[in-house]
Amino acid sequence: MSATASDRAAAEAPDERLTFPDGFLWGAGTAAYQVEGAIGEDGRAASIWDTFCARPGVVCNGDTGEIAADHYHRYAEDVELMRRIGLDAYRFSVSWPRVQPTGAGPVNAAGLDFYDRLVDALVSCGIDPVLTLYHWDLPQALQDRGGWGARDTAARFADYAEAVADRLGDRVALWTTVNEPWCAAFLGHAAGVHAPGLTDPALSLRAAHHLLLGHGLAVQALRSTLSGDHELSVALNLSPVTAATDSEADSDTARRIDGLLNRMFIEPLLLGGYPADVREDIRHLTDWGFVHEGDERVIASPIDLLGVNYYTPTTVGAAKPSSVPRPWAGAARPRSGVTEKGASPWAGTDGVEFHQPEGLPRTAMGWAVQPRGLYELLLRLHEDYPPIPLIISENGAAYDDGADDLGRVHDPQRVRYLRAHLAMTHEAITAGVDLRGYFVWSLLDNFEWSFGYGKRFGITHVDFENQRRSLKDSALWYRDVIAANAVA
Ligand code: FCB
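Trainee: Hey, could you run me through the overall build of the protein chain in this one?
Mentor: Within the protein chain, the regular secondary structure consists of 17 helices and 15 strands. Relative to the compact-globule value of 23 Å for 488 residues, the protein chain shows a C-alpha radius of gyration of 22 Å, a close match. Dimensions of the protein chain, computed from C-alpha atoms along their principal axes, come out at roughly 75 × 60 × 45 Å. With 488 residues in all, the protein chain has 60% of them scored as buried.

Here you go:
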């Protein structure tokens, strides 16, 4: 086409591409227990997820992470998939019980060797390794000594962080300490739907504090161990909370839940202390005696990036006097695949009803799709808190997709989900938010915690019978987005 004809064509069909800033980091993520398998190899000891999965009736279909996506053995093939997609970065987590089987003391060199090989394979393809130290698989030996309920676990976590940094710090520049402390604390210790499967709201608050303390101590350990350029972050699951009606009772319920879900984690990290209203709201559960002098300073140790994991918004109202509060049954983001009976509320949710926002499409998890929620979240972080670069460390959706005879997987709903969330990401950047990158959850179909293998979040389909991988349409679409650094 001549220059004039193409100019005319451009004028008639204006470029509707949303172009991202130069250097924007395009990635995809996984987590050790969800993909690695090989739970008994090379000296790895049991994690709390191995123990939890062995309990009858807690994971759909009795699934476990024993084999998962066999990433431990197939990492080279998976790095090749990443190269085909064109990823700039791969977010993976390190399994603590592989590296330090008893959660303390000597390091298991053979366990660290795996991550060494993985990091080398990534680096040789020009893919940045983005390493998460804790994605929920605590060594069972530490659980036996009190787990996150015990203050000592935070100190052990810093030691483990140092051991990993010693070995991989020369090649890994971007580090995340803890993934979603809210889930680890509340789903694991109050709702009982994640490992270690406890239902003790007071304990869950103590666990939340120790997870945050562990984060702060690990940041300090990483700063003193790592030389050269590196960036430290933490990944929070955040969700905008809306009141079901504008009644005073519903608005106050929304304030409470926003406090427990978002501000209880953001504020100690970025403002140096727990919000006063949250402390007050849950005084009936704890006297907060587990917060020692100086802890909040440790938790607020400066980080370089804040990771935001976003999937769905949250709508709440005050429970009607006659209704029995079963927050988990109606929660915006239910996390139990098996049974809601017996699941006790997470801390501080007495008198709260979770609503499903009306008129929104849902994913296979039943989670409402609301891309605008991501924009609101990013703007709020930008406007209400001290400046900190943000990264979307997780965003994605499960749909019931399967491969056809030729191994093709058509997943138009996932493409729509990702495109809409990237459009909101772009809008946030345009509005001035300092957003450095975006990580799709997930690179691979994997073990979706208490839902087992039934919920597929991957942009790569995994046939769990034979471990065959097939890029879904969404992966091919994402490849084009990355190549153009733009969304059409
Ligand atoms: C997040 C977890 C991740 C995955 C997605 C769907 O809460 O961090 O491991 O389960 O949800």
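Trainee: Where do I start with the confidence of the model for the protein chain in this structure?
Mentor: Detailed reading of predicted coordinates is not advised where the pLDDT is low. Confidence along the protein chain averages 93 in pLDDT terms, with 92% of residues attaining 70 or more. This model gives residues 1-7 a pLDDT under 50, and the stretch forms 2 contacts once residues within four places in sequence are excluded. Segment residues 323-332: pLDDT under 50, and 28 contacts once partners within four positions in sequence are set aside and those in other chains are kept.

Trainee: Any chance you could explain the pattern of salt bridges here in plain terms?
Mentor: Pairing is possible between side chains of opposite charge, provided their charged atoms come close. Evaluation of the coordinates by the stated rule reveals 33 salt bridges. Across the pair Asp113 and Arg167 runs a salt bridge, and its minimum N-O distance is 2.3 Å. Note that Asp113 is positioned in helix α6 (residues 109-124) and Arg167 in helix α8 (residues 152-168), a separation of 54 residues in sequence. Looking at Asp113, the relative accessible area reads 27%, which means it is partly exposed. Taking relative accessible area as the criterion, Arg167 reaches 27% and is therefore assigned partly exposed. Measuring nitrogen to oxygen at the nearest pair gives 2.8 Å for the salt bridge that ties Arg263 to Asp277. One end of the pair, Arg263, is in helix α11 (residues 248-270); the other, Asp277, is in helix α12 (residues 276-281), with 14 residues separating them in the sequence. Ionic contacts of the salt-bridge type, sharing partners, join the residues Asp252, Arg255, Asp258, Arg263, Asp277, Asp281, Arg380 and Asp384 into one network.

Trainee: Explanation requested: the sheet that holds strand β10 (residues 352-355) in the structure shown.
Mentor: Two modes of strand pairing occur in sheets, parallel and antiparallel, and in both the strands are linked by backbone hydrogen bonds. Taking strand neighbours across the sheet as the criterion, the 3 strands line up as β7-β9-β10 in an open arrangement whose pairing is mixed. Pairing within the sheet leaves two strands with one partner each, and these edge strands are β7 (241-243) and β10. Each neighbouring strand pair of the sheet contributes to a mean axis angle of 40°, computed without reference to strand direction. Relative to strand β9 (residues 314-318), α11 is tilted by about 130°, and along the sheet it contacts β7, β9 and β10.

Trainee: In this structure, what is going on with the layout of surface pockets? I would like to understand it.
Mentor: The calculated volume of the largest pocket comes to roughly 230 Å³. If you trace the largest pocket, you find 16 residues lining it, with Leu25, Asp128, Leu174, Glu231 and Leu305 closest to the centre. Looking at the lining of the largest pocket, the elements with two or more residues in it are β4 (128-134) and β12 (435-441). Broken down by element, the lining of the largest pocket gets its largest block of residues, 3 residues, from β4. Looking at the lining of the largest pocket residue by residue, the class counts come to 10 nonpolar, 1 polar and 5 charged.

Trainee: Before we go on, may I ask you to explain the pairing of strand β6 (residues 231-237) in this structure?
Mentor: Taken residue by residue, a regular strand's side chains alternate between the two faces of the sheet. Counting buried positions along β6 yields 6 of 7 residues, so the element is predominantly enclosed. Inspection of the sheet shows β6 paired to strand β8 (residues 305-309) by 5 bridges, in the parallel sense. By the bridge assignment, Asn237 is partnered in β8 with Asn309.

Trainee: Explanation requested: the packing of aromatic side chains in the structure shown.
Mentor: Aromatic ring pairs are defined here through the distance separating the ring centres and the angle between the ring planes. Across all of its chains, the model carries 36 aromatic pairs by this definition. Ring centres of Tyr75 and Phe114 lie 5.7 Å apart, and the angle between their planes is 85°; this geometry places the pair in the edge-to-face category. Separated by 39 residues along the polypeptide, Tyr75 in helix α4 (residues 71-85) and Phe114 in helix α6 bring together distant segments of the chain. The pair formed by Tyr75 and Phe114 is uniform in burial state, with each residue classed as buried. One aromatic cluster in this structure is built from Tyr33, Trp49, Phe52, Trp136, Phe447, Trp449, Tyr453 and Phe464.

Trainee: What am I meant to see in the sheet that holds strand β3 (residues 89-93) here?
Mentor: In space, the 8 strands of this closed barrel follow the order β2-β3-β4-β5-β6-β8-β11-β12, with parallel pairing throughout. Taking each pair of neighbouring strands and ignoring which way they run, the sheet shows an average axis angle of 25°. With respect to the sheet, helix α15 (residues 371-384) is in contact with β8, β11 (390-395) and β12, its orientation differing from that of β11 by roughly 150°. With respect to the sheet, helix α16 (residues 412-430) is in contact with β2 (25-29), β11 and β12, its orientation differing from that of β12 by roughly 170°.

Trainee: Just checking my understanding: could you explain the packing of α16 against helix α17 (residues 473-484) for this structure?
Mentor: The description of two packed helices rests on the angle between their axes and on the distance between the axes. Relative orientation of the contacting elements α16 and α17 amounts to 30°, with a least axis distance of 9 Å. Regarding the angle of α16 to α17, the classification is roughly parallel. Of the residues in α17, those touching α16 at Arg414, Val415, Leu418, Arg419 and Leu422 are Asp473, Ser474, Trp477 and Val481.

Calculation notes
- Residues numbered from 1 in each chain as written.
- Predicted model: local features only at pLDDT ≥ 70, side-chain atom pairs only at ≥ 80, totals over all residues.
- Heavy atoms only, no water.
- Helix = DSSP H or I, 4+ residues; strand = E, 2+ residues; numbered from the N terminus.
- Rg over C-alpha atoms; globule rule 2.2 N^0.38 Å.
- Buried < 20%, exposed > 50% of the residue type's maximum accessible area, 1.4 Å probe, protein only.
- pLDDT = per-residue confidence, 0-100.
- Contact = heavy atoms within 4.5 Å.
- Salt bridge = Lys/Arg side-chain N within 4 Å of Asp/Glu carboxyl O.
- Pairing = 2+ DSSP bridges.
- Axes fitted to C-alpha atoms, helices over the stretch in contact; angles between N-to-C directions.
- 1 Å grid on protein atoms, 1.4 Å probe; cavity = no way out; pocket = protein on both sides within 12 Å on 5 of 7 lines; lining within 4 Å.
- Points joined across faces, edges and corners; volume = space filled by probe spheres on them.
- Nonpolar A, V, L, I, M, F, W, Y, C, P; charged D, E, K, R; others polar.
- Phe/Tyr/Trp six-rings, centres within 6.5 Å; stacked < 30°, edge-to-face > 60°.
- Parallel < 35°, antiparallel > 145°, perpendicular 65-115°, else oblique.

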